[in-house]
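Residue-level listing of the chains:
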Amino acid sequence: MSGKIPAELGTQKVGKLLRQYAVPAIIAMTASSLYNMIDSIFIGQGVGPYAISGLALTFPLMNLAAAFGTLVGVGASTLLSVLLGQKNYEVARRVLGNVVILNMIIGSLFAILTLIFLNPILYFFGASEQTIEYARDYMVVILSGNIITHIYFGLNSLLRSAGHPKQAMVATILTVLLNAILDPLFIFGLGWGIQGAAIATVLAQCISLAWIVRRFMNRSELIHFEKGKFRLDWQIAKKSMSIGLAPFLMNFVSCFIVIFLNQSLKEYGGDLAIGAYGIVNRVAFLFLMVCMGLTQGMQPIAGYNYGAKRYDRVKEVLRKTLGYAVMIMSIGFLSCELFPRQVVSIFTSDQELIANAAVGLRVVMFAFPLVGIQVVISNFFQSLGYAGRAIFLSLSRQLLFLLPALILLPRIFEIRGVWMCLPVSDSISSIVAIILLLRFLKHFKAE
Amino acid sequence: MKTKSCICIGRELGAGGREVARLLSERLSIPVYDKELLTRASLETGLSQEVFEQKDERSFLTTLRTLFSGNIVGEGAVSVLSEDQLFQWQSEAIRTIASEGPAIFLGRCADYVLRDQPNVLSVFLTANPTDRVARLVASLGITEKEAQECIEKGDRKRASYYNFYTFKKWGAATSYDVCLNTSLFGVERVADLIVNLLG
């Protein structure tokens, strides 16, 4: 959104604006979640229950890889929009070249280091003799393709910043579709097992990357690949990474928490509990991502009107977003509370895993309508420029209340206690968020 | 002096940049834009002026803020009130003002924003440390120690803001057309020199 401010933000009907901004964001956010879900479904149905556990073991490592991706990607795309706003195309092209080089360096270093220590890492994450082979087979392929994954995500976000958000979305959807086609082909058709899913993932990203690269090869585009622009530029690297550091740390924290969670699950419930979490996580994330997309749609509307002192409109968009968020999360809540076995059965036909996951799902989803409120409020503060509060709220749900709960509750309630940590932390952090919001709105009224 | 000429003044804290700008404004009868720029940006975007005043610099919180604007792959929309977006609008205001007639800009990377425009002179003003402290003590009514701290903080802030957005180095001779030391010449003669440079 460089250049002129869209005047409609201050004039158009709030409900219409929200739909207009939220729908593309929801599609983009859901796409990546669907991608993970499809992988899990085919692995669960085509390879087996322990394969799902193996896959769940790799979540922290995948998060960590993504974290290193954001270290360059988020910063570089911010830098690119700033440069494009100033029509500084020369340096902008250097940013493009440097994203490729930096991702190659970071992507390969990460892959080499983790491949060397893959076994100890996976055991530390909670692997057992029964699950390590699946996790290993999957990760070896994924890590071998790590450079491609990094460059794909990096260039995709640059494509968006370079003024082609639609094409960036096409690339994202392309990977989802390709993965959905290749997964059954490799797993069922060719019998490649869990490695088939990994190969499908890397191949889908490869094809999508090729499509993006072709766009950047087009010399009639303002931002395109150019000889001599690939030399590592320390200034660009430093700026990108200083912007990307915060999202990196945030992902790092969530990776750390999942490790801790997996270890507790293994201790109190064994391998299948980890697999059950793999399923629960996929379901919960689908609804969470829809909600995240919705709040992204709210951000420019709330932010602009707050800046323009149109507090009536700020409150209206907050009220509407809260309403939609609670609705979305309640759908998740109701379907998982009423039909947990049916939801879980999409991923596996193993009765023991179904039983495990159904219990977990019901407990984990228990506070979900509240999570919707929590997410909206923390994004609301963020869009108004109160980063401190937004960070505190986001950390409170994912770390501050979760960690003590994870240490305490399993000692009392065992495996149920591990599951309970999530709704407990969700509830407390939601109450904190609501208190913060009410206090803020009061001072709002005074103004 | 040609019409639509602009003078962009970068300066160290306490180097007398504002005084030089005022003298130039009197001698050439063209307006100075400092905070007035923010008023203009506020008018054009419909956002209140306070928003621009608060975001007058680039802070570590900016970086933190980006992390909630999207998920791990950075799908997020840039916040309307982000420093980067406000810098963009402030730049638009600088360009509009420059297109309307001659102007003097104080800070805000105006030299970079107008780098492709003809008839733009960029100046950087420095002063000896003792003079800078003395000037701040006199104008702000603070102690010498406070002035010292002010200068250190101010320089760091200005440098990081300038370096981030312009890809040049704040206060380095290569970044500007002219660099002058006001301790050596005094603000009056510095203003005279700049007027002479414009021809």
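The rules we used
- Residues numbered from 1 in each chain as written.
- Chains lettered and ligands numbered in written order.
- Predicted model: local features only at pLDDT ≥ 70, side-chain atom pairs only at ≥ 80, totals over all residues.
- Helix = DSSP H or I, 4+ residues; strand = E, 2+ residues; numbered from the N terminus.
- Buried ≥ 20, exposed ≤ 12 C-beta atoms within 10 Å, placed from the backbone.
- Contact = placed C-beta atoms within 7 Å.
- Rg over C-alpha atoms; globule rule 2.2 N^0.38 Å.
- pLDDT = per-residue confidence, 0-100.
- Core = buried A, V, L, I, M, F, W, Y, C linked by C-beta atoms within 7 Å.
- Axes fitted to C-alpha atoms, helices over the stretch in contact; angles between N-to-C directions.
- Parallel < 35°, antiparallel > 145°, perpendicular 65-115°, else oblique.
- Left-handed = near helix turned anticlockwise from the far one by under 90°.
- Nonpolar A, V, L, I, M, F, W, Y, C, P; charged D, E, K, R; others polar.
- Pairing = 2+ DSSP bridges.
- Expected span 1.5 Å × (residues − 1).
- Bend = angle between axes of the 7 residues up to and from the residue.

S.K.: Would you explain the overall build of chain B in this entry?
M.R.: When its secondary structure is counted, chain B shows 9 helices and 5 strands. Each helix (α) and strand (β) of chain B, taken in turn from the N terminus, gives the series β-α-β-α-α-α-α-β-α-β-α-α-β-α. For chain B, buried positions account for 49% of its 199 residues. The long-range fraction of contacts in chain B, counting pairs at least 24 apart against all pairs at least 6 apart in sequence, stands at 70%.

S.K.: Please clarify how the overall build of chain A should be interpreted in this entry.
M.R.: Looking only at helices and strands, one finds 17 helices and 0 strands in chain A. Relative to its length of 447 residues, chain A is compact, with a C-alpha radius of gyration of 22 Å against a globular reference of 22 Å. If one aligns the C-alpha atoms of chain A with their principal axes, the spans along those axes are about 60 × 60 × 35 Å. The buried share among the 447 residues of chain A stands at 59%. Contacts in chain A between residues far apart in sequence, at least 24 positions, make up 81% of those at least 6 positions apart.

S.K.: What exactly am I supposed to notice about the confidence of the model for chain A here?
M.R.: Caution is warranted with low-pLDDT regions, since their predicted coordinates should not be read in detail. Counting all residues, the mean pLDDT for chain A is 89, and 98% of those residues have values of 70 or more. For chain A, helix α1 (residues 8-11) of chain A is the element with the lowest average pLDDT, namely 80, and helix α12 (residues 311-338) of chain A is the one with the highest, namely 94.

S.K.: I would appreciate a short explanation of the nonpolar core in the present structure.
M.R.: Taken as a class, soluble globular proteins show a tendency for nonpolar side chains to be buried jointly. Ranked by internal contacts, the top residues of the largest apolar core, which has 215 residues, are Val95, Tyr138, Cys291, Ile301 and Leu361 of chain A together with Ile9 and Phe105 of chain B. With 22 residues, the single largest contributor to this core is helix α3 (residues 49-85) of chain A. Discounting residues that sit within four places of it in the chain, Phe105 of chain B has contacts with Cys6, Cys8, Ile9, Tyr33, Ile94 and Ala110 of chain B.

S.K.: Looking at this structure, I do not really get the packing of helix α7 (residues 146-161) of chain A against helix α9 (residues 194-217) of chain A. What am I missing?
M.R.: In a packed pair of helices, the relevant descriptors are the angle between the two axes and the axis-to-axis distance. Residues and elements named next belong to chain A. One can describe the packing of α7 onto α9 by two numbers: an axis separation of 9 Å at closest approach and a directional angle of 40 degrees. Judged by the angle between their axes, α7 and α9 are oblique. Crossing angle aside, the handedness with which α7 passes α9 is left-handed. The residues of α9 that touch α7, namely those facing Ile148, Thr149, Ile151, Tyr152, Leu155, Asn156 and Leu159, are Val202, Gln205, Cys206, Ser208, Leu209, Ile212, Arg215 and Phe216. In the contact of α7 with α9, the residues fall into 10 nonpolar, 4 polar and 1 charged.

S.K.: What exactly am I supposed to notice about unusual backbone geometry here?
M.R.: Peptide bonds are trans in most cases, and residues, glycine excluded, mostly fall at negative phi. Its identity as a non-glycine residue notwithstanding, Glu414 of chain A has a phi of 55 degrees, on the positive side. For Glu414 of chain A, the location among the structural elements is in helix α17 (residues 402-446). Of note in this structure, Asn119 of chain B is not a glycine but carries a positive phi near 60 degrees. Position of Asn119 of chain B among the secondary structure elements: in the loop between α6 (110-113) and β4 (120-126). Look at Asn119 of chain B and you get partly exposed, because 15 C-beta atoms sit within 10 Å.

S.K.: I'm lost on the pairing of strand β1 (residues 6-11) of chain B in this one. Help?
M.R.: The two faces of the sheet receive side chains in turn, since in a regular strand these alternate between them. All names here are of chain B. When you tally the buried positions in β1, you get 6 out of 6 residues, the bulk of the element. Of the two faces of β1, the one carrying Cys6, Cys8 and Gly10 and the one carrying Ile7, Ile9 and Arg11 are both buried. Bridge analysis of β1 against strand β3 (residues 103-106) gives 4 bridges, and the strand direction is parallel. Along β3, the bridge assignment pairs Ile7 with Ile104.

S.K.: Just checking my understanding: could you explain helix α8 (residues 165-189) of chain A for this structure?
M.R.: Owing to its 3.6 residues per turn, the α-helix brings residues three or four apart onto one side. Residues and elements named next belong to chain A. Taking 1.5 Å of rise per residue, the 25 residues of α8 would be expected to cover 36 Å, and the 35 Å separating its terminal C-alpha atoms lies within 8% of that figure. Residues of α8 that are buried: Ala168, Ala171, Thr172, Thr175, Val176, Asn179, Leu182, Asp183, Phe186 and Ile187. Here the buried face of α8 lies against α2 (14-46), α7 and α9. Gly191 sits one or two positions beyond α8 and adopts a positive phi of about 65 degrees.

S.K.: Could you clarify how one ought to interpret the packing of helix α4 (residues 89-116) of chain A against α7 of chain A in this entry?
M.R.: All names here are of chain A. As a packed pair, α4 and α7 sit with axes 8 Å apart at the nearest point and diverge in direction by 150 degrees. Compared by their axis directions, α4 and α7 come out roughly antiparallel. Regarding α4 and α7, the two cross each other, and that crossing is right-handed. On α7, the residues that touch Leu96, Val99, Val100, Asn103, Met104, Ile106, Gly107, Ser108, Phe110 and Ala111 of α4 are Asn146, Ile147, His150, Ile151, Gly154, Leu155 and Leu158. Looking at the contact of α4 with α7, its residues break down into 11 nonpolar, 6 polar and no charged.

S.K.: Teacher, can you tell me more about the sheet that holds β3 of chain B here?
M.R.: Adjacent strands of a sheet form backbone hydrogen bonds with each other and so pair up, either parallel or antiparallel. Residues and elements named next belong to chain B. The sheet built from 5 strands is open, its strands ordered β2-β3-β1-β4-β5 with parallel pairing. Edge positions in the sheet fall to β2 (32-33) and β5 (178-181), since each of these pairs with one other strand and no more. Both β1 and β4 contribute to a ladder of 6 bridges, which runs parallel. Residue pairing in the sheet places Gly10 in a bridge with Phe124 of β4. In this fold helix α1 (residues 17-28) packs onto β1, β2, β3 and β4, with an angle of close to 175 degrees to the strand it touches most, β3. Where helix α9 (residues 182-198) meets the sheet, it contacts β1, β4 and β5, and its direction lies at approximately 150 degrees from that of β5.

S.K.: What should I look at first to understand the confidence of the model for chain B in this one?
M.R.: Residue and element names in this part refer to chain B. Confidence along chain B averages 83 in pLDDT terms, with 84% of residues attaining 70 or more. With pLDDT under 50 throughout, residues 65-77 is counted as low confidence; its partners more than four residues away or in other chains account for 44 contacts. At the level of chain-chain contacts, confidence expressed as ipTM amounts to 0.77, with global pTM at 0.84.

S.K.: What is the right way to look at the environment of Asn98 of chain A in this model?
M.R.: All names here are of chain A. With respect to the element layout, Asn98 can be found in helix α4. Given 25 C-beta atoms within 10 Å, Asn98 falls into the buried group. Separated by 274 residues in sequence, Asn98 and Gly372 have C-alpha atoms that sit 38 Å apart.

S.K.: Help me understand α9 of chain B in this model?
M.R.: All names here are of chain B. Across its 17 residues, α9 extends only 18 Å between first and last C-alpha, which sits more than 12% below the 24 Å expected from 1.5 Å per residue. Most pronounced at Glu188, the bend in α9 amounts to some 75 degrees. All of the buried residues along α9 are Thr182, Val187, Val190, Ala191 and Ile194. The inward-facing, buried residues of α9 contact β1, α1, β4 and β5.

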